[in-house]
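One-letter residues, chain by chain:
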Amino acid sequence: MLKNITLGQYFPGESFIHRLDPRTKLLATIALIAFVFVAQGFSGFLLIAAFVLACAASTGIHLKFLIRGLKPIFFIIIFTFILNLFFQTTGNELVHVGFIRITDTGLRMASFMAVRLILLVVSSQLLTLTTSPISLTDGLETLFRPLEAIHFPAHEIAMMMSIALRFIPTLMDEADKIMKAQKARGANFETGSIIARAKAMVPLLVPLFVGAFRRAEELALAMDARCYRGGAGRTRMKQLRFGRIDLLAALALLALLAGVIALNAVHAF
């Protein structure tokens, strides 16, 4: 399970997506999430999925890796599917056994919500997989900068978000090592009741939290030793600039939006 978490991992590369400005990728991710909610039918989802998979293929990231990133939220996807399947009672009845009643509308809505959730996760994965933590921090800080007029700590918030993403893979590796060590001592994390499994997680969570606090203190000391005092007066080795590829990405997103809206119009008729 822990090895399937891909959030926060970065794969270096020289693809078209890798070379985009981080601000473009952040805005594009927000736009893709919005498009997923704008789409009103499976045809729109299919178009968005084709666009996302084409982007992933251009980066060299295998489809199996994206699917592996869905495994940690597999329970949420199944729960969402079942919730919509059984609580949507309108439409033609397909199955009626006791209190269980499944309709064609419920089945369609359940599938619709599950696919929507999958697209949301896969679209968000491309951002962290193709953007380094430093670039992500710079992009977030630049986008948040207009909020400094109302005393919003743009640099500090961007730094905290990027550090949190950066340490997810590190904490997962540490959790995996602790779990293997506990299993070697006879701990069982996979069998028993829910309560028994929850109790078995205590020997894992305690050292994991201790290690996380230790890493946080070491990071704070390292930043203090390097005279880190926030974003005031800081300069960047690489300046962010929009280029032609960012314009091409914006045009591609506009074309995708036009396609989703056109499919929505067809779906409405």
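Cut-offs and rules
- Numbering of residues starts from 1 in each chain and follows the order in which that chain's sequence is written.
- Two thresholds apply to this predicted model, a pLDDT of at least 70 for residue-level local features and 80 or more for giving and counting side-chain atom pairs, whereas whole-chain, interface and lining totals are computed over all residues.
- Side-chain numbers here rest on the full set of heavy atoms in the structure, without hydrogens or water.
- Numbering of helices and strands runs from the N terminus; a helix is a DSSP stretch of H or I covering at least four residues, while a strand is a stretch of E covering at least two.
- Three labels apply to residues, based on accessible area from a 1.4 Å probe with only protein chains included: buried if under 20% of the type maximum, exposed if over 50%, partly exposed otherwise in between.
- Should any heavy atoms of two residues lie within 4.5 Å, those residues are counted as being in contact.
- The Shrake-Rupley method, run with a 1.4 Å probe sphere, supplies the accessible areas, and residue values consider only the shown protein chains as cover.
- Residues counted as positive are Lys and Arg, residues counted as negative are Asp and Glu, and His and the chain ends are not counted.
- The location of each charge is read from NZ of Lys, CZ of Arg, CG of Asp or CD of Glu.
- Each Phe, Tyr or Trp ring, with Trp reduced to its six-membered ring, pairs with another whose centre is within 6.5 Å; inter-plane angles below 30 degrees give stacked pairs, above 60 give edge-to-face pairs, and intermediate values give tilted ones.
- Counted as over-ring charges are cases with an Arg CZ or a Lys NZ within 6 Å of the ring centre that also lie within 35 degrees of the ring normal.
- Take the buried residues of types Ala, Val, Leu, Ile, Met, Phe, Trp, Tyr and Cys, join any two whose side-chain atoms come within 4.5 Å, and each joined set is a nonpolar core.
- Put simply, a salt bridge is a Lys or Arg side-chain nitrogen that is within 4 Å of an Asp or Glu carboxyl oxygen.
- Expected helix span is taken as 1.5 Å per residue step, with the number of steps being one fewer than the number of residues.
- Consider a residue and the seven residues that end there alongside the seven that start there; fitting an axis to each set, the bend is the angle between those axes.

## Brief notes about the overall build of the protein
Point 1. Helix and strand content of the protein: ten helices and two strands.
Point 2. For the protein, the α and β elements follow one another from N to C terminus as α-α-α-α-β-β-α-α-α-α-α-α.
Point 3. For the protein, the residues scored as buried account for 34% of the 269 residues in total.
Point 4. Sequence separation of 24 or more characterises 73% of the internal contacts of the protein that already satisfy a separation of 6 or more.
Point 5. As displayed, the protein has an accessible area near 16,600 Å², and 70% of this comes from carbon and sulfur atoms.
Point 6. Side chains of the protein carry 27 positive and 16 negative charges; the gap between the two charge centres is 5 Å.

## Quick word on the packing of aromatic side chains
Point 1. By the definition in use, this model includes five aromatic pairs.
Point 2. Judged by centre distance (5.6 Å) and plane angle (70 degrees), the rings of Phe144 and Phe152 are edge-to-face.
Point 3. Residue Phe152 is classed as partly exposed on the basis of its relative accessible area, which comes to 27%.
Point 4. Following the ring pairs from residue to residue traces out a cluster consisting of Phe42, Phe45 and Phe112.
Point 5. For the cation-ring pair, Arg23 lies above Phe242, with the distance from its terminal atom to the ring centre recorded as 4.1 Å.

## Points about the nonpolar core
Point 1. In terms of nonpolar packing, the biggest core is built from 32 residues, with Phe35 and Ile48 touching the most fellow members.
Point 2. Elements that contribute at least two residues to this core include exactly helix H1 (22-38), helix H2 (42-59), helix H3 (63-68), helix H5 (104-130) and helix H10 (244-268).
Point 3. At seven residues, H5 tops the list of elements feeding residues into this core.
Point 4. Apart from residues lying up to four places away in sequence, Phe35 is in contact with Ile48, Leu253, Leu256, Leu257 and Val260.
Point 5. Within the second largest apolar cluster, seven residues are counted, among which are Ala175, Phe189, Leu204 and Leu208.

## Side note on the side chain of Arg23
Point 1. With respect to the helices and strands, the residue Arg23 is situated in helix H1.
Point 2. Sequence-distant contacts of Arg23, that is, excluding residues within four places in its chain, are made with Gly139, Thr142, Leu143, Leu240, Arg241 and Phe242.

## Regarding the pattern of salt bridges
Point 1. Within the structure shown, the criterion is met by five salt bridges.
Point 2. Glu174 is the salt-bridge partner of Arg214, the closest N and O atoms lying 4.0 Å from each other. One end of the pair, Arg214, is in helix H9 (residues 202-225); the other, Glu174, is in helix H7 (residues 154-184), and 40 residues separate them in sequence.
Point 3. On the basis of relative accessibility, which here comes to 12%, the residue Glu174 falls in the buried class.

## What to know about the environment of Leu129
Point 1. With respect to the element layout, Leu129 can be found in helix H5.
Point 2. Here Leu129 falls in the buried class, since its relative accessible area comes to 0%.
Point 3. Between the C-alpha atoms of Leu129 and Thr59, which are 70 residues apart in sequence, the distance is 9.3 Å.

## Some words on unusual backbone geometry
Point 1. A positive phi angle is found at His151, which is not glycine, with a value near 65 degrees.
Point 2. Its location among the elements puts His151 in the loop between helix H6 (133-144) and H7.

## Describing the environment of Leu70
Point 1. Structurally, Leu70 is set in the loop between H3 and helix H4 (74-87).
Point 2. By relative accessible area, which is 13% here, Leu70 ends up buried.
Point 3. When neighbours within four sequence positions are excluded, Leu70 is seen to be in contact with Ile118, Val121, Val122 and Gln125.

## Some points on H7
Point 1. The end-to-end C-alpha distance of H7, which contains 31 residues, comes to 45 Å, matching closely the 45 Å that a straight helix rising 1.5 Å per residue would cover.
Point 2. At Ile168, H7 shows its largest kink, close to 35 degrees, and the proline Pro169 lies no more than four residues downstream.
Point 3. Looking one or two places after H7, you find Gly186, whose phi comes out positive at around 105 degrees.

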